[in-house]
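Listed below, chain by chain, are the residues.
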Amino acid sequence: MVKVEFKTNFGFFIIFLSVILLSFIEGNQVVNALSTKNTITGGEIHLISFVIITLFMLIIALFKPYKQNLVSFSAITLSLVTILTTLFDGSFSPTNIIKVLNLVASGILIIGGVMLIVSTKLSNEEKELTKKGIKYYKK
């Protein structure tokens, strides 16, 4: 019978929501930069590229679930890039709600990535079963 892992599904879901939130925030920044004379900084370009990479990883993991580690590592990398971009931005102030939302979404991405990594670890029973299967397969 198929076993549904709550941690895996919940981790994937919060990663998805956080990436969507970050895409809306960065999309808004791009629209503001194109409509006015504002410029896009290099950090924001990195952030946009990592959002796109993470979205591709999410799509890959939907069709090939055994590659969910790619999503977890990509989400953690995206969160670290977001944290560094936000903290070292010259216009950062704790009262700016967009920057605070970036930091909150980054924290949620780290939690979701860790939940995906932890859910893929094998229990001792599964390890023993795997060892027995490999042993019998070699015969």
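Here, every reference points to the structure presented above.
This one's a predicted model, so the numbers in the text were calculated from it and none came from an experiment.

Q: Help me get a handle on the overall build of the protein chain, residues and values and all.
A: The helix and strand tally for the protein chain stands at five helices and zero strands. Mapped in sequence order, the helices and strands of the protein chain form the string α-α-α-α-α. Projected onto its principal axes, the C-alpha coordinates of the protein chain cover approximately 70 × 25 × 25 Å. Buried residues in the protein chain amount to 27% of all 139 residues. Total accessible area on the protein chain stands at roughly 9400 Å², and carbon and sulfur atoms take up 71% of it. Across the protein chain, 13 positive and 7 negative side-chain charges occur, with their mean positions spaced 12 Å apart.

Q: Can you tell me about the environment of L78, naming the residues and giving the values?
A: The residue L78 is located in helix α3 (residues 68-87) in this model. Its relative accessible area of 0% is what places L78 among the buried residues.

Q: Break down helix α1 (residues 6-35) for me, with residues and values.
A: Its 30 residues place the ends of α1 43 Å apart at the C-alpha level, agreeing with the 44 Å of an ideal helix rising 1.5 Å per residue. Every buried residue belonging to α1 is among T8, G11, F12, I14, I15, S18, V19, L22, I25, E26 and A33, and all of these are buried. For α1, the secondary structure elements touched by its buried residues are α2 (42-63), α3 and α4 (97-119).

Q: Would you mind going over the packing of α2 against α3 in detail, with residue names and values included?
A: Relative to each other, α2 and α3 sit at 165 degrees, their axes nearing to 9 Å. The orientation of α2 relative to α3 falls into the category roughly antiparallel. You can see that α2 and α3 cross each other, and the crossing is left-handed. Contacts from G43, E44, H46, L47, F50, V51, I53, T54, M57, L58 and A61 in α2 reach Q68, L70, V71, S74, A75, T77, L78, V81, T82 and T85 in α3. When the residues that make up the contact of α2 with α3 are grouped by side-chain class, the tally is 12 nonpolar, eight polar and one charged.

The rules behind each value
Residues numbered from 1 in each chain as written. Predicted model: local features only at pLDDT ≥ 70, side-chain atom pairs only at ≥ 80, totals over all residues. Heavy atoms only, no water. Helix = DSSP H or I, 4+ residues; strand = E, 2+ residues; numbered from the N terminus. Buried < 20%, exposed > 50% of the residue type's maximum accessible area, 1.4 Å probe, protein only. Areas by Shrake-Rupley, 256 points an atom, 1.4 Å probe, with all protein chains shown as cover. Lys, Arg positive; Asp, Glu negative; His and termini not counted. Charge placed at Lys NZ, Arg CZ, Asp CG, Glu CD. Expected span 1.5 Å × (residues − 1). Contact = heavy atoms within 4.5 Å. Axes fitted to C-alpha atoms, helices over the stretch in contact; angles between N-to-C directions. Parallel < 35°, antiparallel > 145°, perpendicular 65-115°, else oblique. Left-handed = near helix turned anticlockwise from the far one by under 90°. Nonpolar A, V, L, I, M, F, W, Y, C, P; charged D, E, K, R; others polar.

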